[in-house]
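The primary structure of each chain is shown beneath.
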Amino acid sequence: MNRLQVDLPGLSMKNPIMPASGCFGFGQEYAEFYDLNKLGAIAIKAATFEPRFGNPTPRVAETASGMLNAIGLQNPGVDQIVAEKLPWLEQYDVPILANIAGSAMEDYVETVKKISEAPNVNALELNISCPNVKEGGIAFGTKPELAAELTKRVKEASELPLYVKLSPNTADIVGIAKAVEEAGADGLSMINTLLGMRIDRKTGQPVLANGAGGLSGPAVKPVAIRMIYEVSQAVSIPIIGMGGIQSAEDVVEFFMAGASAVAVGTANFIDPFVCPSIIEDLPGVLDELKVDTISDLIGRSWK
Amino acid sequence: MNRLQVDLPGLSMKNPIMPASGCFGFGQEYAEFYDLNKLGAIAIKAATFEPRFGNPTPRVAETASGMLNAIGLQNPGVDQIVAEKLPWLEQYDVPILANIAGSAMEDYVETVKKISEAPNVNALELNISCPNVKEGGIAFGTKPELAAELTKRVKEASELPLYVKLSPNTADIVGIAKAVEEAGADGLSMINTLLGMRIDRKTGQPVLANGAGGLSGPAVKPVAIRMIYEVSQAVSIPIIGMGGIQSAEDVVEFFMAGASAVAVGTANFIDPFVCPSIIEDLPGVLDELKVDTISDLIGRSWK
Amino acid sequence: MIKAAVRVTGQQEIAKDIFELRLRGEVVREMTVPGQFVHLLARGGFDTLLRRPISIADVDLENRELTMIYRVEGNGTRNLSEKQAGDVIDLLGPLGNGFPVDRPRNGQTVLLVGGGIGVPPLYYLSKRLAAKGVKVKHVLGFSSEAEVFYEKEFLALGETHVTTVDGSYGQKGFVTDAINKHQIDFDILKACGPTPMLRALEQQHPHEEAYFSLEQRMGCAVGACLACVVHVQGDETGAEYRKVCKDGPVFPIGEVVL
Amino acid sequence: MIKAAVRVTGQQEIAKDIFELRLRGEVVREMTVPGQFVHLLARGGFDTLLRRPISIADVDLENRELTMIYRVEGNGTRNLSEKQAGDVIDLLGPLGNGFPVDRPRNGQTVLLVGGGIGVPPLYYLSKRLAAKGVKVKHVLGFSSEAEVFYEKEFLALGETHVTTVDGSYGQKGFVTDAINKHQIDFDILKACGPTPMLRALEQQHPHEEAYFSLEQRMGCAVGACLACVVHVQGDETGAEYRKVCKDGPVFPIGEVVL
Ligand SMILES: Cc1cc2nc3c(=O)[nH]c(=O)nc-3n(C[C@H](O)[C@H](O)[C@H](O)COP(=O)(O)OP(=O)(O)OC[C@H]3O[C@@H](n4cnc5c(N)ncnc54)[C@H](O)[C@@H]3O)c2cc1C
Ligand SMILES: Cc1cc2nc3c(=O)[nH]c(=O)nc-3n(C[C@H](O)[C@H](O)[C@H](O)COP(=O)(O)OP(=O)(O)OC[C@H]3O[C@@H](n4cnc5c(N)ncnc54)[C@H](O)[C@@H]3O)c2cc1C
Ligand SMILES: Cc1cc2nc3c(=O)[nH]c(=O)nc-3n(C[C@H](O)[C@H](O)[C@H](O)COP(=O)(O)O)c2cc1C
Ligand SMILES: Cc1cc2nc3c(=O)[nH]c(=O)nc-3n(C[C@H](O)[C@H](O)[C@H](O)COP(=O)(O)O)c2cc1C
Ligand code: FES
Ligand code: FES
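The paragraphs below set out a description of the structure included in this document.

### Examining the overall build of chain C
Scanning chain C from terminus to terminus reveals five helices and 16 strands. Relative to the globule expectation of 18 Å for 258 residues, the C-alpha radius of gyration of chain C, 18 Å, shows essentially globular dimensions. In terms of overall dimensions, chain C has a C-alpha envelope of 45 × 45 × 35 Å along the principal axes. Looking at the 258 residues of chain C, the share that counts as buried comes to 57%. Restricting to contacts in chain C with at least 6 residues of sequence separation, those with at least 24 account for 63%. Of the roughly 10,500 Å² of accessible surface on chain C, 45% is carried by carbon and sulfur atoms.

### Focus on the site of ligand 4
Residues and elements named next belong to chain B. Neighbouring residues of ligand 4: 22 residues in total, closest Ser21, Asn99, Lys165, Gly244 and Thr266. At 2.8 Å, a backbone N or O of Ser21 approaches an oxygen atom of ligand 4. The separation between an oxygen atom of ligand 4 and a polar side-chain atom of Thr266 is 2.6 Å. For the shell around ligand 4, the class distribution of residues is seven nonpolar, 13 polar and two charged.

### Re the site of ligand 3
Residues and elements named next belong to chain A. Taken together, 22 residues form the shell around ligand 3, and within it Ser21, Lys165, Gly217, Gly244 and Thr266 come nearest. A distance of 3.2 Å is found between an oxygen atom of ligand 3 and a side-chain nitrogen or oxygen belonging to Lys45. Contacts to ligand 3 include Gly265, whose backbone N or O atom sits 2.9 Å from an oxygen atom. For ligand 3, the accessible surface in isolation is 610 Å², of which the surrounding protein chains cover 97%. Of the residues in the shell around ligand 3, the class split is seven nonpolar, 13 polar and two charged.

### What to know about the environment of Leu95(C)
All names here are of chain C. On the secondary structure map, Leu95 appears in strand β7 (residues 88-95). What makes Leu95 buried here is its relative accessible area of 1%. A C-alpha to C-alpha distance of 5.6 Å links Leu95 and Gln36, two positions 59 residues apart in sequence.

### Some words on the sheet that holds strand β6 (residues 66-69) of chain B
What the four strands build is an open sheet, ordered β5-β6-β14-β11 (chain B); its pairing is antiparallel. Each edge of the open sheet is held by one strand with a lone partner, namely β5 (60-63) and β11 (194-196) of chain B. When strand polarity is set aside, the average angle formed by the axes of neighbouring strands in this sheet is 35°. Bridge analysis of β6(B) against strand β14 (residues 213-216) of chain B gives three bridges, and the strand direction is antiparallel. The residue bridging Leu68(B) from the neighbouring strand is Leu215(B), located in β14(B). Strand contacts of helix α7 (residues 221-234) of chain A: β5, β6, β11 and β14 of chain B, with the helix running at about 65° to β11(B), the strand carrying the most contacts.

### A few points about the interface of chain B and chain A
Every contact between the two is made by 35 residues of chain B and, on the other side, 35 residues of chain A. Summing the contributions of chain B and of chain A, the shared interface buries around 3,000 Å²; its carbon and sulfur component is 67%. Applying the counting rule to chain B against chain A returns two salt bridges. With a closest N to O distance of 3.1 Å, Glu253(A) and Arg201(B) form a salt bridge. Broken down by secondary-structure element, the contributors of at least two residues to the side of chain B that touches chain A are β11, β12 (199-200), β13 (205-206), α7 (221-234) and α8 (248-257) of chain B.

### Focus on the relation of the copies chain B and chain A
Overlaying chain B on chain A yields an RMSD of 0.0 Å, the required transformation being a rotation through 180° with an accompanying axial translation of 0.0 Å. Expressed as an axis order, the relation between the two copies is that of a two-fold axis. When you check the interface residues of chain B against chain A, 100% turn up at the interface there too, and the contact is symmetric in its surfaces.

### Quick notes on helix α6 (residues 173-182) of chain B
Of all the residues in α6(B), the buried ones are Ile173(B), Val174(B), Ile176(B), Ala177(B), Ala179(B) and Val180(B). Note on α6(B): the residue one or two positions beyond its end, Gly184(B), has a positive phi of about 115°.

### Digging into the pattern of salt bridges
Per the stated rule, a full pass over the model turns up 48 salt bridges over all chains. One salt bridge in this structure joins Glu73(D) and Lys202(A), with 3.6 Å as the shortest N-O distance. Of this pair, Glu73(D) sits in the loop between β6 (65-71) and α1 (75-81) while Lys202(A) sits in the loop between β12 (199-200) and β13 (205-206), on two different chains. Owing to a relative accessible area of 45%, Glu73(D) belongs among the partly exposed residues under this scheme. For the salt bridge of Glu253(A) with Lys221(A), the shortest nitrogen-to-oxygen distance reads 3.1 Å. Of the two residues, Glu253(A) is situated in helix α8 (residues 248-257) and Lys221(A) in helix α7; the sequence distance between them amounts to 32 residues. One network of salt bridges, in which partners are shared, links Arg201(A), Lys221(B), Asp250(B) and Glu253(B).

### Regarding the packing of aromatic side chains
For the coordinates displayed, the defined rule picks out 20 aromatic pairs over all chains. On the numbers, 5.4 Å between centres and 85° between planes, the contact of Phe33(B) with Phe273(B) is edge-to-face. Here the residue Phe33(B) occupies a position in the loop between α1 (28-31) and β4 (42-47), and Phe273(B) occupies one in the loop between α9 (267-270) and α10 (274-288), the gap between them amounting to 240 residues. An angle of 80° between the planes, with centres 5.4 Å apart, marks the rings of Tyr123(C) and Phe154(C) as edge-to-face. In this pair, Tyr123(C) sits in helix α2 (residues 120-131) while Phe154(C) sits in helix α3 (residues 151-155), placing the two residues 31 residues apart along the sequence. Judged by relative accessible area, which is 11%, Tyr123(C) ranks as buried. On the basis of relative accessible area, Phe154(C) is assigned to the buried category, the value being 0%. One aromatic cluster is present, formed by Phe24(A), Tyr30(A), Phe33(A), Tyr34(A) and Phe273(A) through successive ring pairs. Arg59(A) extends its terminal NZ or CZ atom over the ring of Phe53(A), reaching a point 5.1 Å from the ring centre. Arg78(C) extends its terminal NZ or CZ atom over the ring of Phe46(C), reaching a point 4.0 Å from the ring centre.

### Considerations on the interface of chain D and chain A
Each partner contributes to the interface: chain D provides 32 residues, whereas chain A provides 30 residues. The contact between chain D and chain A buries some 2,500 Å² in all, and 65% of this surface belongs to carbon and sulfur atoms. Among the residues chain D hides against chain A, the three largest losses belong to Leu49(D), Leu50(D) and Arg217(D). Together they make up 25% of the total. Residues Lys3(D) and Asp271(A) are paired through a salt bridge, measuring 4.0 Å at the closest nitrogen-oxygen approach. For the interface between chain D and chain A, the tally reads eight residue pairs in polar contact (both at pLDDT 80 or more). At the level of secondary structure, the elements contributing two or more residues to the side of chain D that touches chain A comprise β14 (229-231) and β15 (241-243) of chain D. Among the elements that take part in the side of chain D that touches chain A, β14(D) stands out by supplying three residues, more than any other.

### What to know about the packing of helix α5 (residues 144-157) of chain B against α6(B)
Residue and element names in this part refer to chain B. Interhelical geometry of α5 versus α6 gives an angle of 25° and a closest axis separation of 8 Å. As judged from the angle between their axes, α5 and α6 are roughly parallel. The hand of the α5/α6 crossing is right-handed. Two secondary-structure elements touch here, α5 through Pro144, Ala147, Ala148 and Thr151 and α6 through Gly175, Ile176, Ala179 and Val180. Looking at side-chain class alone, the contact of α5 with α6 contains six nonpolar, two polar and no charged residues.

### Quick notes on α8(A)
Residues and elements named next belong to chain A. Burial analysis of α8 places nine of its 10 residues in the buried class, the great majority of the element. Every buried residue of α8 is accounted for by Ala248, Asp250, Val251, Val252, Glu253, Phe254, Phe255, Met256 and Ala257. Gly258 occupies a position one or two residues after α8 and carries a positive phi of about 140°.

### A short note on the environment of Val174(B)
Residue and element names in this part refer to chain B. Mapped onto the fold, Val174 is located in helix α6. Considered as a pair, Val174 and Ile71 are 103 residues apart in the sequence and their alpha carbons are 28 Å apart. Setting aside anything within four residues of it in sequence, one finds Val174 in contact with Glu230, Val231 and Ala234.

What counts, and where the lines are drawn
- Residues numbered from 1 in each chain as written.
- Chains lettered and ligands numbered in written order.
- Predicted model: local features only at pLDDT ≥ 70, side-chain atom pairs only at ≥ 80, totals over all residues.
- Heavy atoms only, no water.
- Helix = DSSP H or I, 4+ residues; strand = E, 2+ residues; numbered from the N terminus.
- Rg over C-alpha atoms; globule rule 2.2 N^0.38 Å.
- Buried < 20%, exposed > 50% of the residue type's maximum accessible area, 1.4 Å probe, protein only.
- Contact = heavy atoms within 4.5 Å.
- Areas by Shrake-Rupley, 256 points an atom, 1.4 Å probe, with all protein chains shown as cover.
- Near = heavy atom within 4 Å.
- Polar contact = N/O pair within 3.5 Å; in protein donor to acceptor, adjacent residues only side chain to side chain.
- Nonpolar A, V, L, I, M, F, W, Y, C, P; charged D, E, K, R; others polar.
- Pairing = 2+ DSSP bridges.
- Axes fitted to C-alpha atoms, helices over the stretch in contact; angles between N-to-C directions.
- Buried area = accessible area lost by both parts, 1.4 Å probe.
- Salt bridge = Lys/Arg side-chain N within 4 Å of Asp/Glu carboxyl O.
- Least-squares fit on C-alpha atoms with pLDDT ≥ 70 in both.
- Phe/Tyr/Trp six-rings, centres within 6.5 Å; stacked < 30°, edge-to-face > 60°.
- Lys NZ or Arg CZ within 6 Å of the ring centre and 35° of its normal.
- Parallel < 35°, antiparallel > 145°, perpendicular 65-115°, else oblique.
- Left-handed = near helix turned anticlockwise from the far one by under 90°.

Written as structure tokens, this is what we have:
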């Protein structure tokens, strides 16, 4: 028995750890540090229909226990991802979660159709919550009806299991979660980044060229935990939890809150080995808690 | 000329620094550390109509660069505040901002009527954003129509200038801000705490007896700055900025984002002298920026 | 109530994860009441934001030296455990109301009962009582042998019984078991430890003169934030309260709901 | 590309807010290409989360010693400035593509132009070129006299001109002014400094062989996060890019948009 095994729609994971979308590119860079086969899954950088350069720089800024980013969904476009990035990943025996972004419903649907053709994409992650694109994007993440309609249309366009990635920038995360569940989502990913800003005293201007950016890292962990705690009690689809995870102890807290797997984002920038380190540490933390398998912990805080 | 003087409706402040509501009681405790006359103003702990014990303990927990609290609006009720707490404060020549909370509109209105009778209350701060009370409270802070109606009714009940304290737990902070401005608010306070949670690995339960709590401290500063930046461009009433302020440098960033005065909350717990220290440091920071008066900085990031 | 910088003069691990830390500074002159605590910034390699409350375990007024004894729990106490002689710590205190030392009259016996990290403040208290000629007895409860500390020091001041939950040292069981078994006589009871222990003592000795030192998670530790409140016994409105940081941490039996 | 712990062997302030930090570790053996950088955890009393990119200013391969020169800007560099001999720093590196050292043929002259904290990587480069027998010249720009550093060290390797913006030392003005004034001859130009300086150089010497080292705010510094991208010259789609951390920080003139 593998104590760390978790099984989610489309994602049979030998451990519950995946790098978060946008924080791991398409894997190549971190493959220079360790064997990607160690990972439970990989969430790849958001794909859009057309190639995107993204926002002007500076694109990142540091905050207390966190960071802001406004990359702006830079990516080579779905065609090149299918032609070059995904085939490279075929050498690994790790499920791939393909993150999809767009500004109009059409974009999403077309991108999903194309990427679903790749043989090694196991599930889709619908990014309805990117705060860094001016047109649409986050609007889908704050309006339940819009989120539900997009979910429905994407489900129609692909047979792959669909995870909807929720925005924390909303008063009613449970409402959105239920709406997309009803519309056919197979799982949820949460949370994406909180909208934030830093100002440079010397210039009097925002540090990021884009003005605002998305806040991630340990600072947002309590917000993520609270939302997962609430949403996991209200829906019956599994949740991929994320937001500030840095250690195996953090992973356990996310499971107790209600997550069934987790993603690690910002922490990769601080320690490129963070994912394998967490995977290595997890059994010890389970031992301390006298727990056999990690999935025993799912939702323990409210069960 | 006093470089630090700021003048807001009802609040003529010799410097822009006030302790934030709930983080300074009614002043007595910190008066043992320094002369409260040094402060620009004082925001007192939320008053409700009836006395409230608040939530069970534990009521606070630490997070990365932040803290969670679920005090639950504990206070002795407006009658005792008017009879005992406010008279004690009369010995100081510092404007008082009276924070008001409630669960139903009636509560708010009756509390406002009573507290407006106190001779030394200079302005009201309407707490429509407390995340720590089950009944209502935060609902007012996330629905523009409700927030507007409450504002209107409170304005009818008192002649005092009214600041509405906004919740960051919303997708559309600008919408709420505009709605309360239109309904007659004389100013805004922002931000109240973000909803968050911590889980205790050992017990598997939330650390706070209440489950969720309000996140404050440096972790939330980027969220506060972003919201003030957006709202200050959309309204023409002044903003009292707060969320993670620890230093004179932070104060300058809040002004550049669009605040006209600031409140310091969590930092008082870390350094009881933080408010007078910031006041002392401010002129030096203005010098570095070659700025005469602090109000020259208001909204510099977008003007 | 002072904010001051104190300098570490020494630190050692005296039991499993239990450290004794000595600090020197002028502020120590104020620390004359056993049962008070300090609120300190335990900054270092592990992130902390808030201060941490730690009891005063011993005071050397002449040398302005304060001793604290603490268990490594999380980031703050981990940081503390890495401090070395010469390091400076920012401290607020002394805070709160301690144990009354003028209460016991001559000839009276005071029983001091401590559990785990509730033991430290009793040492300063016992020393002060013994110095006044008061007869002191001690019952100290720990979870197991590895965590036992200061038995010798307490023994030097008076009769001392140690209990461990797992029976690996001293008497097996809880402090209340030891009091019963040895039928320990006393006039005044003073205790510090986990709330369940205090509750058991309250139940077992409802009519004695007793003082309990409580623990609560704290924010400000100066009475402003209301993080640390407890209900008042017999209060029917349910709105009355005491602040552990300011009104306590020591309360006479019967005053607050444990 | 290695993650390693290196030990501080020494640190000194060599100009106003400019520190020279020496570090020792096995990983230094890999640092053979001038213009590369390391990404380090600058933890300490002031909060930081992310790593900080700092150039390799000098390397002593035999002693496995690395020298960095940095200016105190914010929390990270403030923490660095408090490190003392014996402290350990977690470092990722060497990273990026540095300056080509095999480019200059015998007899060619290389002009190295540095501005402010762009000066440090040029020192290792100059040493390596000089060791190969290449003729090196230097133009170093600073804002004022107080910030000037390493003039002597560069002089020992070749002709060196210093400029200061306020004229308090050397020639008043920018590095481009000095190149013009002294009509400095060269075959290859290698420069590191603020983007406006690089732009001025590009404009003044559009047809020379030149290499520019760029600065960008970074997240991962390994090519994954796309924080540090720059546009590509002549790219009509606008979607092409280079990563400063991985494809750079050194680019040949004309490759990327400054
Ligand atoms: C009046 C008083 C006196 C105390 N005296 C001592 C003593 O002499 N020796 C000793 O070892 N411990 C003592 N404690 C408990 C001590 O404060 C905690 O163990 C310590 O704060 C844990 O901090 P941490 O960073 O290691 O743990 P973390 O779990 O990382 O702390 C996180 C937060 O929770 C708070 N917290 C966690 N556990 C406790 C607790 N048991 N009580 C209060 N706050 C807690 C911390 O202060 C901090 O704000 C005392 C507590 C109080 C209230
Ligand atoms: C490839 C490269 C090489 C560098 N080499 C040197 C060097 O040899 N000596 C030196 O003094 N400086 C160098 N810098 C600049 C140095 O990285 C920054 O001065 C430093 O990161 C500032 O950190 P801080 O914590 O002091 O400032 P803060 O302002 O507190 O930093 C906050 C955040 O902004 C980033 N940041 C701030 N300023 C810069 C900047 N100018 N460039 C990149 N990131 C920045 C920080 O890395 C951090 O993530 C280099 C930068 C790059 C990209
Ligand atoms: C630099 C950066 C780029 C990101 N890009 C994406 C993206 O393309 N798609 C997406 O859904 N989320 C993106 N995210 C959000 C992360 O996947 C994750 O939800 C968030 O950062 C919270 O996790 P963390 O605190 O572990 O970083 C990005 C985050 C960062 C920091
Ligand atoms: C312990 C605590 C109690 C609070 N009580 C109140 C309150 O009664 N009324 C209110 O409007 N805000 C209350 N707040 C919110 C603060 O006034 C402030 O908006 C928030 O903490 C953000 O500022 P900070 O990061 O400086 O603490 C409380 C905050 C804390 C930490
Ligand atoms: S800890 Fe703030 S009132 Fe006691
Ligand atoms: S810093 Fe992450 S790609 Fe360059």
